[in-house]
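For reference, the chains in residue letters:
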Amino acid sequence: MQTTWKGTISFGLVSIPVHLYSATQEHDVPLHQVHAKDGGRVRMKRYCEQEGTEVPYAEIAKGYESPDGRTVTLTDEDLAELPLPSKKVIDVLAFVDAAEIDPLMFSKAYYVGVADKAAAKPYALLRDALTESGRIAVTKIALRTRESPAVLRVHDGTLVLQTCIWPDEVRPAAGIAPDEQVTVRPQELKMARSLMDTLSEDFDLSQLHDDYQQALQQVIEARIQGVEVPHEEEPGEAPDNVIDLMAALRSSLKEAKGAHRGRRAGPGAEPEAGPTAVEEPPPVAAPAPRKRAPAGKAAGGKASAKKATAPRTATGRATADRAATRTAAGTAKPAAAAKKTTSRKSAAPRKVS
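The notes below deal with the structure included here. (Residues numbered from 1 in each chain as written. Predicted model: local features only at pLDDT ≥ 70, side-chain atom pairs only at ≥ 80, totals over all residues. Heavy atoms only, no water.)

Another aspect to go through is the overall build of the protein. Tallying secondary structure elements over the protein gives seven helices and ten strands in all. Across the protein, contacts joining residues at least 24 apart in sequence account for 57% of those joining residues at least 6 apart. For the protein, the exposed area adds up to about 29,100 Å²; of that, 55% sits on carbon and sulfur atoms. (Helix = DSSP H or I, 4+ residues; strand = E, 2+ residues; numbered from the N terminus. Contact = heavy atoms within 4.5 Å. Areas by Shrake-Rupley, 256 points an atom, 1.4 Å probe, with all protein chains shown as cover.)

Our next topic: the environment of methionine 246. Looking at where methionine 246 falls in the secondary structure, it is placed in helix H5 (residues 245-265). Along the sequence, methionine 246 and arginine 185 sit 61 residues apart, while their C-alpha atoms lie 9.8 Å from each other.

A separate point is the layout of surface pockets. Empty space among the atoms becomes visible once a probe the size of a water molecule is rolled across them. In this structure, the largest pocket occupies an estimated 410 Å³ of space. The wall of the largest pocket is formed by 14 residues, among which Lys87, Ala142, Leu143, Arg144 and Thr145 lie closest to the centre. At the level of elements, strand E1 (3-11), helix H1 (76-80), strand E8 (135-143) and strand E9 (146-155) are the ones that each hand at least two residues to the lining of the largest pocket. (1 Å grid on protein atoms, 1.4 Å probe; cavity = no way out; pocket = protein on both sides within 12 Å on 5 of 7 lines; lining within 4 Å. Points joined across faces, edges and corners; volume = space filled by probe spheres on them.)

Turning next to the packing of aromatic side chains. Considering all chains together, one arrives at one aromatic pair under this definition. Ring geometry for phenylalanine 11 and phenylalanine 95: centres 5.7 Å apart, planes at 75°, overall edge-to-face. Of this pair, phenylalanine 11 sits in strand E1 while phenylalanine 95 sits in strand E6 (residues 94-97), and the two are 84 residues apart along the sequence. What makes phenylalanine 95 partly exposed here is its relative accessible area of 30%. Lying across the ring of tyrosine 110, lysine 108 places its NZ or CZ 5.8 Å from the centre. (Phe/Tyr/Trp six-rings, centres within 6.5 Å; stacked < 30°, edge-to-face > 60°. Buried < 20%, exposed > 50% of the residue type's maximum accessible area, 1.4 Å probe, protein only. Lys NZ or Arg CZ within 6 Å of the ring centre and 35° of its normal.)

In structure tokens form, the structure reads like this:
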């Protein structure tokens, strides 16, 4: 890995000779400029306006134009001899919690390696102190033609220097968010959290891939082979009406759960739609009215019911006997009343015609 910077980390009175290595690399399909009419390569040339000729790279310097129109030329020697301590020293200024640094300030990352074997012990000391405390070190460093704030943190057992932009280079966010007061209902917030939890299940950041580069490569291959270039299906028109937020959340949650089940079942399995996190219970149907059975069947049914539910204990049998006695008594009273009525009717004098 090519060295980007050489210098020393100053940690109090401890000095650690280190080298910096670029920790990231961007992958893309190499494209260059061509003439659209005939495909001829278009190359950029360094052209001097004063002489009207092309200038070799070795004669190129940096310049600054003053407000009154004068140009000041700065050579590489001028820039290399700037009175700047951070050119060769990464001075640790403070140790802070990672949450105190706004992620908007983070820029490029560099792995920090030791310059010699003698630096291994202080390197490990700083690394382990950062790991144990859970903090990051705030520093400054001059790389190429720019001085930047930076932080030292630990990644996979290795010190990483992450350059930052200056705090006043972060633009304010005023006026970006909606100005009107928006009320979010607890049900909507609960549904949104359920959707967040479902989308986060079994998420693996390392499985992400660059769809743009893949699509671009397909277009290039199609051009080379002289076949039709693949095109993306045109999306449908977006609805211009106000959507039902809860309905959208329910549909999103149901779709996400189905996709999650499909991932867990395997690549060939069909995703199943799962229930939403907040569902209304189904309506309970009212019990159907009981139909009265015919007299004969009812009697048989009662006898069967009594036989089926006959008590097994002595207490149960006593209770059943008392119930049978009350039932018999109730039945006898109507019979007696009916007999008296019949006797009175028969004793009434007959009407002589």
